[in-house]
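# Tertiary structure, described
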Amino acid sequence: MSWGTELWDQFDNLEKHTQWGIDVLEKYIKFVKERTEIELSYAKQLRNLSKKYQPKKNSKEEEEYRYTSTRAFLATLNEMNDYAGQHEVISENMTSLIIGELTRYVQELKQERKSHFHDGRKAQQHIETCWKQLEASKRRFERDCKEADRAQQYFEKMDADINVTKADVEKARQQAQLRHQMAEDSKAEYSSTLQKFNSEQHDHYYTHIPNIFQKIQEMEERRIVRIGESMKTFAEVDRQVIPIIGKCLDEITKAAESVDHKNDSQMVIEAYKSGFEPPGDVDFEDFTQPMKRTVSESSLSNSRGDGKYEPKFGSKSKGKLWPFIKKNKSPKQQKEPLSHRFNEFMTSKPKIHCFRSLKRGGAGPEDFSNLPPEQRRKKLQQKVDELNKDIQKEMDQRDALTKMKDVYIKNPQMGDAASVDHRLSELEQNIEKLRLEVQKFEGWLAEVEGRLPMRTEQARRQSGLYEAQNTSAVNSCAQDRESPDGSYTEEQSQETEMKVPATDFDDEFDDEEPLPTIGTCKALYTFEGQNEGTISVAEGEMLYVIEEDKGDGWTRIRRNEDEEGYVPTSYVEVYLDKNAKGAMTYI
């Protein structure tokens, strides 16, 4: 089955068909391009959707994502973002593997098609030229034959006429012979041209055209195979991302299964628990006796004497009313002026105000006294933890500057030791201020913890005790500093200040384990460690890093178990190993 033999006379139709094949290929390229645009648009919309519902930083909305249901929703949003990324991958792969490849192939195909049909037209023009030469030779032979016939007839007529001279007859005879010779020559030329044309025609239809049409057929078949492969690639690009999309969906399912309604309910209790106890029973007041009645402990008349509300968070008080429950007025109270009752209501308002402040979320006093006991304890604990972190940060800076100062003292050429004194003084002042703040907030925290009824010993230990490194002055504030009447005294806090014994403390460091290696380093330059605490290194030497630069410009390194010290950070190239878990064993 060959186009050269079966379609030898369909040159024009083959030209139209191959052009149609290129149009189909370009149409498919356009289809894939529009698909990639849809994928990109879909991915963009998914990302925007995920971003739209992401919690805003430092907002109340971000706090709501501590519940398991909202965390699952946040995980869904993150997975949808990854899901959108896979659609972007589809678009990128289709663009590079299909659109780019087919676009280049179409250009090559057009050039090849143009070359083949140019050869076909050239062969047709050649056979047409040969046909014209044959026609011209044939017409010339025909004309010469007619001329020779007329010359022969004229000679015979002249020869039969007795009135014509002998010279005229001879002339006519010569003319007839000349025409016969010309006719014979034209016949020979026509015969030769005919043979040549037949040979050219045979080569044209049995050699040249079949070869050209065969090449066109192969070109068209390659186009068909190429578009089929592109369609297969079209499906494979989608199939490649299916496992990742499946993982995204699995993660969404896993997040959904992690939703714990019991845990969320417990978190609601922790978030809104006030610490108040339910009110006790209201005492019966007997008005039938003329004698002076006994006013119950829970009566509001107790608060009229001093006009102050003293909330007590200790043991359950008898007859204590819930802040929102209206209490029946005694006859004596009903006769009181409205203004006095209004003042009494205002003095008993702190409990109600504390609930409203939770709803408004507005700024309150420094000691969070506007909050219920449990919420106040959490806020104070959070504040103490933040202050302790600030203290640790300031102490780290102080230690780094102290080390830098020591280096400057030992190596004056590296800097002026007095230049860091001002900053060290500022850090000491900041640390002292922060410690005072910790003492103040721990005092309030101890007061609240002493008044909460259901506090476990473990919870008390977590209420702001500082690390051992933060000195005894900070630790002393974790003790209960409440006088019998509930007031806080500074003298008691000073008396309970912890004393750290100095005995055997320094000796513990003599036998401590060597620091573990956290990476390696290569010496970029030779360094002569002449001062105490430094170590000499040679250029190109490989050593172990046991302490990285903390901002003072020095890195602590080790050569072997007995040789370690500091070198300038700029003299070495450090390669930290995040997975290092212990000291390096030396061979």
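Throughout what follows, the structure given in this document is the object of discussion.

## Brief notes about helix α5 (residues 166–257)
- Helix length check: α5 (92 residues) gives 133 Å between terminal C-alpha atoms against 136 Å at 1.5 Å per residue, within 8%.
- At H204, α5 shows its strongest bend, of approximately 45°.

## What about the sheet that holds strand β1 (residues 519–523)?
- On the basis of which strands lie adjacent, the open sheet formed by five strands has the order β4-β3-β2-β1-β5 and antiparallel pairing. Of all the strands in the sheet, just β4 (564–568) and β5 (572–576) have a single pairing partner and so form its edges. Each strand axis lies, on average, 40° off the axis of its neighbour in the sheet, ignoring direction.
- Both strand β3 (residues 554–558) and β4 contribute to a ladder of five bridges, which runs antiparallel. Bridge pairing links T555 to V567 in β4.

## Section: the packing of helix α4 (residues 68–160) against α5
- In the contact formed by α4 and α5, the axes pass within 7 Å of each other and the chain directions differ by 175°. The angle between α4 and α5 falls in the class roughly antiparallel.
- Looking at the contact of α4 with α5 residue by residue, the class counts come to 46 nonpolar, 19 polar and 23 charged.

## Section: the nonpolar core
- Counting residues in hydrophobic clusters, the biggest one holds 32 residues, and the most contacted among them are L25, Y28, V32, M94, I98, F213 and I216.
- Of all the secondary-structure elements, those providing two or more residues to this core are α2 (11–52), α4 and α5.
- With 12 residues, α4 is the largest single contributor of residues to this core.
- Beyond its immediate stretch of four places on either side in the chain, L25 contacts L102, Y105, V106, L109, R223 and I227.

Rules used in this analysis
Residues numbered from 1 in each chain as written. Predicted model: local features only at pLDDT ≥ 70, side-chain atom pairs only at ≥ 80, totals over all residues. Heavy atoms only, no water. Helix = DSSP H or I, 4+ residues; strand = E, 2+ residues; numbered from the N terminus. Expected span 1.5 Å × (residues − 1). Bend = angle between axes of the 7 residues up to and from the residue. Pairing = 2+ DSSP bridges. Axes fitted to C-alpha atoms, helices over the stretch in contact; angles between N-to-C directions. Parallel < 35°, antiparallel > 145°, perpendicular 65-115°, else oblique. Nonpolar A, V, L, I, M, F, W, Y, C, P; charged D, E, K, R; others polar. Core = buried A, V, L, I, M, F, W, Y, C linked by side-chain atoms within 4.5 Å. Buried < 20%, exposed > 50% of the residue type's maximum accessible area, 1.4 Å probe, protein only. Contact = heavy atoms within 4.5 Å.

Keep in mind that these numbers describe shape and distance, not what the molecule does.
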